[in-house]
Amino acid sequence: MALTRTVLDALTRILGPDGVISSPEGRLVYECDMQTFYKGAPDVVALPESAEQVEAIVRLCRRERVPVVPRGSGSGLIGGAMAPAGGVMVGLNRMDRILEVDLPNRCATVQPGLVNLWLTRAVEDRGYFFAPDPSSQMVSSIGGNVSTNAGGPHCLKYGITVNHVLGLELVTGAGERVQLGGKVADRPGYDLTGTAVGAEGTFGLVTAITVRLLHAAEAVKTVLASFPSIEHASEAVSGIIAAGIIPAALEMLDALMIQAIEAGIGAGYPKGAAAVLLIELDGPAAEVEAQAERAAAICRERGALDVRVARDEAERALLWKGRKEAAGALGRLAPMYMLQDAVVPRSKLPAIMREILAISERHGVQIANVFHAGDGNLHPLILYDDRHPEQVERARAANEEVLHACIAMGGTVTGEHGVGLDKAQKLPLQYADADLNFMYRLRGVFDPDRLMNPGKLLPSHPACGEGFRPARPRLPDGAWI
Amino acid sequence: MPVAGRSVGGALAAILGREGLREDDAARAAASVDGEVPRWVARPATPEQVSGVLALAHDAGLAVAPRGSGSALELGRPPARVDVVLDLGGLDRVLDWSPDDLTVSVQAGVSAGALATRLAGRRQLLPLDPPGAATRTLGGLTATAASGPLRARYGTLRDLLLGVRFVQADGVVTWGGARVVKSVSGYDVPKLMIGALGTLGVLVELTLRLHPTPEAERTWLVRVRDGAEAQAVVDALLDSAIQPNRVELLNGAALGAAGLPAGAAAVAVSVGTVAAAVRAQGEALAALARRVGGEAVPQPADFWDRYGRAGALGGGVRLRVATLVTGLAAALGELDAAAADLAPGVAARVTGCAAVGALHVALAPIAPEAAAALVERLRGFVAPAGGSVVVEAGPRALREALDPWGPVAPGPLGLMRALKDEFDPARVLNPGRFVGGL
Ligand SMILES: Cc1cc2nc3c(=O)[nH]c(=O)nc-3n(C[C@H](O)[C@H](O)[C@H](O)COP(=O)(O)OP(=O)(O)OC[C@H]3O[C@@H](n4cnc5c(N)ncnc54)[C@H](O)[C@@H]3O)c2cc1C
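Treat the numbers as computed from the prediction; the structure is a model and nothing was measured.

On to the overall build of chain B. The helix and strand tally for chain B stands at 16 helices and 19 strands. For a compact globule of 438 residues, the expected C-alpha radius of gyration is about 22 Å, and chain B comes in at 22 Å, within 12% of that figure. In terms of overall dimensions, chain B has C-alpha extents of about 70 × 55 × 40 Å along its principal axes. Looking at chain B residue by residue over its 438 residues, the buried ones come to 62%. Nonlocal contacts in chain B, meaning residues at least 24 apart in sequence, comprise 72% of its contacts between residues at least 6 apart. Carbon and sulfur atoms provide 53% of the accessible area of chain B, an area that totals close to 14,800 Å².

Below is the structure:
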């Protein structure tokens, strides 16, 4: 779709020449997010510096019926911040200011382009932090985190992004700038803030965010335990939860992952370890002390080969090192991987890991696993070499089967990365027509012309079509005239 | 299409069976909402029956008022109309409890008390404890966005509700969210249903996140001389490493009602964790209290039962006041001043979660005009910082004299109206009771 001169000129009037990128080379940078399968460059990239400009852009695009694609840092893994139907991409990284820090009320208001970690950096010397911690927190924007409702290793205890969002300023698809929620909790009316978090840009653009800040914990303790099998490690996870302990993080690595890490950085995992569990506890010192001991004891009782408790910050960093560099270490095993983000109930971990192993054998592909064991959020990494098309095919088939297996065990298609283009067609696995239709209509309330990030989050499915009505119950016959 | 009453009754009976439908005067009167007597009282036994009733109501142009335990029917504006009261107490099954996953799925008519009793067997808890929760239904608690002292640690339903099954105004059964603790597939539909008073759909099933019951728990009452000292205690506590699970503010009248030693104000704090940490935090709290001039007095285990009674005031008016945490003392002061000016001699008990600025005010029976003036004055005081005052309960005359929800800004209100127009254009569900007369 080629943009008309009118649109380009109007954008330049709104943003100045510095705020508009229309050259083919310039636009190419924006053709995909970190899920590089999906490509689609926008016709033009707009770089606003204020909410007023965002509002003007949306109004213009609505008048001209041009799609609008928001983009934060482009670190998404779902084909979200890319433009399959062309149109105007709105890059929000110039709107990266902290507007207010209000520590006595434990909140802050920021612009959407602010990088996640910068917020914690701005308040940590005063003993506070912003809890959502996606592994991408050094690059991803808070606007992107809000729009994907991002999780992170520590969301087991602290909750995901939506649990920390108090208010939003949103420019809706109708071009209206509205303030939803705010510093004070419990507003009368529908929880529009909570509903708009995770909308992946399909409700409009988030132009400011009020988030909760938490007081840093008094103490933190990290335990690393290795096990002879995934079953043993999963038993330990169940044991820890059953003991009433909710760790801040509870992460697991499987045998192939361990092998890759040992071959690479060498984290010193013991020989024969087929699963590694990383347990982090934080809170009041006495609680952390007692719970770390208890968790370590549970690991030993469940057959751990080795249990280490970090004694200081340096050792703690060392224990995390393997986990943090896991994905990178896979480079030694294969040039490419597909990353899955499905969820199963935690109690199904041993079953799903057996199933994933079977799938990997069936398709002759290697699958490494590193995942958020505490909440059952899997990240199977399916290895392949993109120079061999049939390997790509096999990886794709395995990836698909893993997803279906998770759903069959009562899970969901995405735990934290989001839907985007990648999973849009998968939602019918999890939702009935009536459910999809409800979501389709919900989107229309915020974005009547369906121009905001089109093609994302919702499937092109009969239930999402105009005029579709899910079956209604049949009334008793002849009850009245 | 005009519908003859008897034939609608016949259709309802066909859907609900004999046991599920009451048309007699006594049952209808007992189910009245703000004095509006319904023509039928439907008590479905299955979600399918709920669906059947709503489809019928939709096509016949009837207004339906969903009802849980009936404890919060005074929340909101008087209804525009009530033809059918839909009593969801019959949907009372716990469907699936998975202790290993810390999740539970229940039908909407299960009471918080019944669930708590089940969960206690495995030392798990749903940390949702507004006054009277034991007998209230989980569907009703969700529809009214109820919360209690434990929100200081565990948050609100927004943090606990994972999935929801509801019946749309036209009878279509719909599911939103997930049965696992972490999911971002599709829109967060459960959020839309919390506090919506059933105006977008009737809740029939909820999937909730559970928490382990702490191994040990202890409560202290931090006694202070005035509101300013209470504020200082709250500010210092929240800026400390102490991890309380309750931080409740009480004014003098509430202290009296709970049978606690007299005083101008106090902050009740509880800590729940392993025994050693409870001890350590208790010591830290005592030191903190001394620093600001107060005193932390340990309380017996039944403290929170007595506390619940402090908020209950038969026949009066109950308000929900939301303010900035740093504005607690000022709000207390304004309430006292307003009560002295507008309703001299009327006791006003204040309790509520100081950690988030969510206060409950219980007023003894009071003339509607005086109550309305008091609410307006409080609104004027808290609104500039984004606060709100909602009339949670009170006589119909009060809720006719002023909007019990208070104003909602035009931007969000426009979206709320559009939501209602989309999902209940025929105004079947609780018409007129919600914000903006939705
Ligand atoms: C190495 C790595 C590790 C990762 N780890 C995690 C993890 O642990 N947990 C996790 O959840 N994710 C993780 N991710 C995925 C990604 O970082 C998150 O989804 C993140 O929230 C995206 O932020 P972003 O600013 O890059 O958004 P983008 O990728 O630019 O955009 C994401 C989506 O949000 C929309 N959007 C962005 N900004 C706005 C706005 N202001 N208004 C409206 N819509 C907007 C976009 O249109 C797009 O649909 C990881 C990614 C990488 C590369």
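Moving on to helix α12 (residues 303-310) of chain B. Two residues of an α-helix separated by three or four positions point the same way, owing to the 3.6 residues in each turn. All names here are of chain B. For α12, every residue scored as buried is listed here: F303, W304, Y307 and A310. Along the long axis of α12, the arc covered by the buried residues comes to 95 degrees, so they all point the same way. Looking at α12, the residues exposed on the side facing more than 90 degrees away from the buried face are D305 and R309. Packing partners of the buried residues in α12 comprise β12 (216-224), β13 (246-251), α10 (252-257), β14 (265-273), β15 (295-299) and β17 (348-353).

With that settled, consider the interface of chain A and chain B. Counting residues at the interface gives 88 residues for chain A and 86 residues for chain B. Here chain A meets chain B over a buried area of about 7,100 Å², counting both sides, of which 61% is carbon and sulfur. Remark: the boundary between chain A and chain B carries five salt bridges. In this structure, A:R441 and B:E422 form a salt bridge, with 2.8 Å as the shortest nitrogen-oxygen distance. Counting every contact that joins chain A to chain B gives 29 residue pairs in polar contact (both at pLDDT 80 or more).

Aromatic ring pairs are reported here in terms of the distance separating the ring centres and the angle at which the planes meet. The tally for this structure, following the rule as stated, stands at 11 aromatic pairs over all chains. Ring geometry for A:F129 versus A:Y158: centroids 5.7 Å apart, planes at 85 degrees, classification edge-to-face. A residue pair is termed long-range when its members are at least 10 positions apart, and A:F129 in strand β7 (residues 128-129) and A:Y158 in helix α6 (residues 155-158) qualify at 29 residues. Neither residue differs from the other here; A:F129 and A:Y158 are each classed as buried. With centroids separated by 4.8 Å and ring planes inclined at 35 degrees, the aromatic side chains of A:Y190 and B:F434 adopt a geometry described as tilted. Of this pair, A:Y190 sits in the loop between β9 (177-181) and α7 (192-196) while B:F434 sits in the segment after α16 (410-423), each in a different chain. By the ring-pair criterion, three or more aromatic residues cluster together here, those being A:Y190, B:W405 and B:F434.

This paragraph deals with the sheet that holds strand β3 (residues 68-71) of chain A. Through backbone hydrogen bonds, the strands of a sheet pair up, either in parallel or in antiparallel fashion. Residue and element names in this part refer to chain A. Read across the open sheet, the four strands follow the order β1-β2-β4-β3; overall the sheet is mixed. This sheet does not close on itself; its edge strands, each paired only once, are β1 (20-21) and β3. Relative to strand β4 (residues 88-91), strand β2 (residues 44-46) runs parallel, the two being bridged by three bridges. Counted as the bridge partner of A46 is V90 from β4.

To continue, consider the nonpolar core. Counting 140 residues, the largest nonpolar core has A:Y190, A:I352 and B:L138 as its most contacted members. Not counting residues within four places of it along the chain, the set of residues in contact with A:Y190 comprises B:L192, B:A196, B:T199, B:L200, B:M416, B:L419, B:K420, B:F434 and B:L438.

A separate point is the packing of helix α13 (residues 349-363) of chain A against helix α14 (residues 389-408) of chain A. Helix packing for two helices is described by the angle between their axes and how far apart those axes are. Residue and element names in this part refer to chain A. One can describe the packing of α13 onto α14 by two numbers: an axis separation of 10 Å at closest approach and a directional angle of 155 degrees. For the element pair α13 / α14, the angle class is roughly antiparallel. For the pair α13 and α14, the crossing hand works out as right-handed. Two secondary-structure elements touch here, α13 through I352, E355, I356, I359, R362 and H363 and α14 through R394, A397, A398, E401, V402, A405 and C406. Of the residues in the contact of α13 with α14, the class split is eight nonpolar, one polar and four charged.

Turning next to the sheet that holds strand β10 (residues 202-209) of chain B. Spatially, five strands are ordered β5-β6-β10-β8-β9 (chain B) in an open sheet, and the strand pairing comes out antiparallel. Whereas interior strands pair on both sides, the edge strands pair on one side only; in this sheet they are β5 (94-98) and β9 (173-177) of chain B. Direction aside, the axes of adjacent strands within the sheet are offset by 10 degrees on average. By the bridge criterion, four bridges tie β5(B) to strand β6 (residues 103-107) of chain B in an arrangement that is antiparallel. Following the sheet pairing, B:D96 is matched in β6(B) by B:S105. Against the sheet, helix α16 (residues 433-446) of chain A touches β8 (161-167) and β9 of chain B, its axis set at about 70 degrees to β9(B).

Next up on the list: the domain arrangement of chain B. Residue and element names in this part refer to chain B. Considered domain by domain, chain B is made up of domain 1 (5-89), domain 2 (92-212), domain 3 (216-253 + 266-303) and domain 4 (311-401). Look at where the C-alpha atoms of domain 2 and domain 3 centre, and you get two points 29 Å apart. At the junction of the two partners, domain 2 supplies six residues and domain 3 supplies seven residues. Summed over both partners, the interface of domain 2 with domain 3 buries about 560 Å², with 50% contributed by carbon and sulfur atoms. It is P149, L150 and R153 in domain 2 that bury the most area against domain 3; as a group they hold 76% of the surface buried on that side. Our enumeration of links across domain 2 and domain 3 arrives at one salt bridge. Across the salt bridge formed by R246 and D129, the nearest N and O atoms sit 4.0 Å from each other.

Moving on, we get to the site of the ligand. Residues and elements named next belong to chain A. What surrounds the ligand is a group of 33 residues, the closest being P70, G72, S75, S136 and S141. One of the side-chain nitrogen or oxygen atoms of S75 is found 2.6 Å away from an oxygen atom of the ligand. Within the contact set of the ligand, an oxygen atom lies 3.4 Å away from a backbone nitrogen or oxygen of G144. In isolation the ligand offers 970 Å² of accessible surface; the protein chains occlude 91% of this area.

What follows concerns the pattern of salt bridges. Summed over all chains, the structure comprises 55 salt bridges over all chains. In this structure, the salt-bridge partner of A:R362 is A:E401, at a minimum N-O distance of 2.6 Å. Taken together, the positions of A:R362 in helix α13 and A:E401 in helix α14 put the pair 39 residues apart, joining distant regions of the chain. A salt bridge links B:R28 to B:D25, with the nearest nitrogen and oxygen atoms 2.8 Å apart. With a gap of three residues between them, B:R28 and B:D25 both fall in helix α2 (residues 25-30), about one helical turn apart. Relative accessible area serves as the criterion here: at 58%, B:D25 is assigned to the exposed category. When salt bridges with common partners are traced through the structure, they connect A:E52, A:E55, A:R59, A:E169 and A:R177 into a single cluster.

Residue and element names in this part refer to chain A. The end-to-end C-alpha distance of helix α10 (residues 285-301) is 24 Å, a good match for the 24 Å that 17 residues give at a rise of 1.5 Å each. Among the residues of α10, those classed as buried are E287, V288, Q291, A292, A295, A296, I298 and C299. An end-on view of α10 places all buried positions within 155 degrees of arc, on one side of the element. Seen from the buried face of α10, the exposed residues on the opposite side, beyond 90 degrees, are E293 and E301.

All names here are of chain A. On the secondary structure map, D385 appears in the loop between β18 (380-384) and α14. A relative accessible area of 10% places D385 in the buried class. Apart from residues lying up to four places away in sequence, D385 is in contact with P335, Q391 and V392.

Criteria and thresholds
- Residues numbered from 1 in each chain as written.
- Chains lettered and ligands numbered in written order.
- Predicted model: local features only at pLDDT ≥ 70, side-chain atom pairs only at ≥ 80, totals over all residues.
- Heavy atoms only, no water.
- Helix = DSSP H or I, 4+ residues; strand = E, 2+ residues; numbered from the N terminus.
- Rg over C-alpha atoms; globule rule 2.2 N^0.38 Å.
- Buried < 20%, exposed > 50% of the residue type's maximum accessible area, 1.4 Å probe, protein only.
- Contact = heavy atoms within 4.5 Å.
- Areas by Shrake-Rupley, 256 points an atom, 1.4 Å probe, with all protein chains shown as cover.
- Arc of directions from axis to C-beta.
- Buried area = accessible area lost by both parts, 1.4 Å probe.
- Salt bridge = Lys/Arg side-chain N within 4 Å of Asp/Glu carboxyl O.
- Polar contact = N/O pair within 3.5 Å; in protein donor to acceptor, adjacent residues only side chain to side chain.
- Phe/Tyr/Trp six-rings, centres within 6.5 Å; stacked < 30°, edge-to-face > 60°.
- Pairing = 2+ DSSP bridges.
- Core = buried A, V, L, I, M, F, W, Y, C linked by side-chain atoms within 4.5 Å.
- Axes fitted to C-alpha atoms, helices over the stretch in contact; angles between N-to-C directions.
- Parallel < 35°, antiparallel > 145°, perpendicular 65-115°, else oblique.
- Left-handed = near helix turned anticlockwise from the far one by under 90°.
- Nonpolar A, V, L, I, M, F, W, Y, C, P; charged D, E, K, R; others polar.
- Domains from an automatic or database assignment.
- Near = heavy atom within 4 Å.
- Expected span 1.5 Å × (residues − 1).

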